[in-house]
Amino acid sequence: MKLDEFRRPIIVLTAFGRPTVISSAMEACVFLADWPAARRDPAHSFAMKACQAALRGDIDAETARGVFAAFAEKQDILAPDIALMSRGRRAVPQNFA
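You'll find the chain entered in an unreviewed UniProt entry as DUF982 domain-containing protein, with Bosea eneae given as the organism.

**Q** Where do I start with the environment of Glu73 in this structure?
**A** Mapped onto the elements of the fold, Glu73 is located in helix 3 (residues 61-74). Look at Glu73 and you get exposed, because its relative accessible area is 56%. Sequence separation between Glu73 and Val12 is 61 residues, and the spatial gap between their C-alpha atoms is 8.9 Å.

**Q** Looking at this structure, how should I read the environment of Ala47?
**A** Relative to the assigned elements, Ala47 resides in helix 2 (residues 42-56). Sequence-wise, Ala47 and Cys29 are 18 residues apart; in three dimensions their C-alpha atoms are separated by 8.4 Å. Those residues in contact with Ala47 that sit more than four places away from it in its chain are Leu32, Val67, Phe68 and Phe71.

**Q** Would you take a moment to explain the packing of aromatic side chains for this structure?
**A** All told, the structure shown has 4 aromatic pairs when counted by the stated rule. Relative to Phe68, the ring of Phe31 lies with its centre 5.8 Å away and its plane at 90°, an arrangement referred to as edge-to-face. Of this pair, Phe31 sits in helix 1 (residues 25-33) while Phe68 is found in helix 3, placing the two residues 37 residues apart along the sequence. Accessibility assignment for this pair places Phe31 and Phe68 in one class, buried. For the pair Phe68 and Phe71, a centre-to-centre distance of 6.2 Å together with 40° between the ring planes defines the contact as tilted. In this pair, Phe68 and Phe71 both sit in helix 3, 3 residues apart, roughly one turn of the helix. According to the relative accessible area criterion, Phe68 is buried, its value standing at 0%. Feature note: the residues Phe31, Trp35, Phe68 and Phe71 constitute an aromatic cluster, connected by ring pairs.

**Q** How should I be thinking about helix 3 in this particular structure?
**A** Two residues of an α-helix separated by three or four positions point the same way, owing to the 3.6 residues in each turn. Spanning 14 residues, helix 3 covers 20 Å between terminal C-alpha atoms, matching the ideal 20 Å at 1.5 Å per step. Considered for burial, the residues of helix 3 that qualify are Ala61, Ala64, Arg65, Val67, Phe68, Ala69, Phe71 and Ala72. Close packing links the buried residues of helix 3 with strand 1 (5-13), strand 2 (19-24), helix 1 and helix 2. Its side-chain oxygen 2.9 Å from the backbone nitrogen of Glu62, Asp60 forms the N-cap of helix 3. Positioned one or two residues after helix 3, Asp76 has a phi angle of 60°, which is positive.

Rules used throughout
- Residues numbered from 1 in each chain as written.
- Predicted model: local features only at pLDDT ≥ 70, side-chain atom pairs only at ≥ 80, totals over all residues.
- Heavy atoms only, no water.
- Helix = DSSP H or I, 4+ residues; strand = E, 2+ residues; numbered from the N terminus.
- Buried < 20%, exposed > 50% of the residue type's maximum accessible area, 1.4 Å probe, protein only.
- Contact = heavy atoms within 4.5 Å.
- Phe/Tyr/Trp six-rings, centres within 6.5 Å; stacked < 30°, edge-to-face > 60°.
- Expected span 1.5 Å × (residues − 1).
- Polar contact = N/O pair within 3.5 Å; in protein donor to acceptor, adjacent residues only side chain to side chain.

Okay, structure coming up:
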C-alpha cells in the first residue's frame, strides 16, 4: 500500500451525479485542483493542504482522507457509503411486521 493511499476510497458525485472514486491523497489533490476557483472556500484550502501534507508524509493518509471527506460532505458531493448502509439495516422481527 502506498503511503498516500486511503484504506477505503471515497466516492464523490461529479457532473450529473456521476460517481468518481478517490483512492489516495494524490487523487484528492487532483480533484481539488480541478475544483472551480469561484467555488473554493476555506474548507477547500484546508483539504488541499491536508492532502499535500499526506503526500509529503507530514500527516497520515487517513487524516487527509477525513479532511477530504468533510470537504465533500460540505459541498454535498459525498456519495453515501452503500456498504455501511447495508450492514446497518436490521431485519424487522416477525411480530412487528
